[in-house]
Amino acid sequence: MRRIILLITVATLVVVSTLFVVSVAGAHKHPTAKAQKHPTKTVLIQGFSFKPAHITIKRGTRVRWINRDSTAHTATANNGRSFDSGRLGKGQRYSHTFKSAGKKSYHCEIHPDMKGRITVRR
Ligand SMILES: [Cu+2]
């Protein structure tokens, strides 16, 4: 009887310690999995202009526009198709990741005088 109790105790310890090791290993793996895939640059939409209006980024960078005005704005590519935020109300944001190099000019559809440009390097 004593031997059985001892066996059960040892078996339980083995199972518990294995579970512990597995969960610790899992916890260590997490930060790498969560690491950001793309670097991000922010452009503020403020006072009826893009700030900064011209930025230079590396290919693969994500650009995030945040509308700080109480008026709605858009960030729309001049070519009309590569990116378009649609109407951004106060505090709303829009992101686009630039995957090809070149000069990307854009504007606000509601206020065509608002212009910006993103230079994407290889
Ligand atoms: Cu606008």
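Please read all numbers here as calculations on a predicted model, not as lab measurements.

Undergrad: When you look at the coordination of the copper ion in this model, what are you seeing that I'm missing?
TA: The expected angle between donors at a tetrahedral four-coordinate metal is 109.5 degrees. At an octahedral six-coordinate metal it is 90 or 180 degrees. The coordination sphere of the copper ion contains the protein donors His73 (ND1), Cys108 (SG), His111 (ND1) and Met114 (SD), at a distance range of 1.9 to 2.8 Å. Taken together, the four donor atoms coordinating the copper ion span angles of 85 to 135 degrees at the metal, a pattern that classifies the geometry as irregular. One chain supplies every donor for the copper ion, spaced along it as H-x34-C-x2-H-x2-M. Remark: cysteine 108 occurs in the loop between β7 (102–107) and β8 (115–121) and histidine 73 occurs in the loop between β4 (62–67) and β5 (76–77); sequence separation between them is 35 residues. Here cysteine 108 falls in the buried class, since its relative accessible area comes to 0%.

Undergrad: Is there a simple way to explain the packing of aromatic side chains in this structure?
TA: Each aromatic ring pair is characterised by the separation of its centres together with the angle its planes make. Following the criterion strictly, the structure yields seven aromatic pairs and no others. Geometrically, the ring pair formed by tryptophan 65 and phenylalanine 83 is stacked, given 5.5 Å between the ring centres and 20 degrees between the ring planes. On the criterion of sequence distance, the pair formed by tryptophan 65 in strand β4 and phenylalanine 83 in the loop between β5 and β6 (93–97) is long-range, its members being 18 residues apart. By the burial criterion, tryptophan 65 is buried, and phenylalanine 83 matches it. Ring pairing ties together the aromatic residues Phe50, Trp65, Phe83, Tyr94, Phe98 and Tyr106, which thus form one cluster.

Undergrad: Honestly, the pairing of β8 in this entry has me stumped. Any pointers?
TA: In summary, the side chains of a regular strand alternate between the two faces of the sheet. Two elements, strand β3 (residues 54–58) and β8, share five bridges in a ladder whose sense is parallel. Paired with threonine 56 across the bridge in β8 is threonine 119. The sheet contact formed by β7 and β8 spans six bridges and is antiparallel. Its bridge partner lying in β8, histidine 107 is registered against lysine 115.

Analysis parameters
Residues numbered from 1 in each chain as written. Predicted model: local features only at pLDDT ≥ 70, side-chain atom pairs only at ≥ 80, totals over all residues. Heavy atoms only, no water. Donors = N, O, S within 2.8 Å, 3.2 Å for Na, K, Ca; no water. Tetrahedral: all angles 85-135°; square planar, octahedral: opposite > 155°, others 65-115°. Helix = DSSP H or I, 4+ residues; strand = E, 2+ residues; numbered from the N terminus. Buried < 20%, exposed > 50% of the residue type's maximum accessible area, 1.4 Å probe, protein only. Phe/Tyr/Trp six-rings, centres within 6.5 Å; stacked < 30°, edge-to-face > 60°. Pairing = 2+ DSSP bridges.

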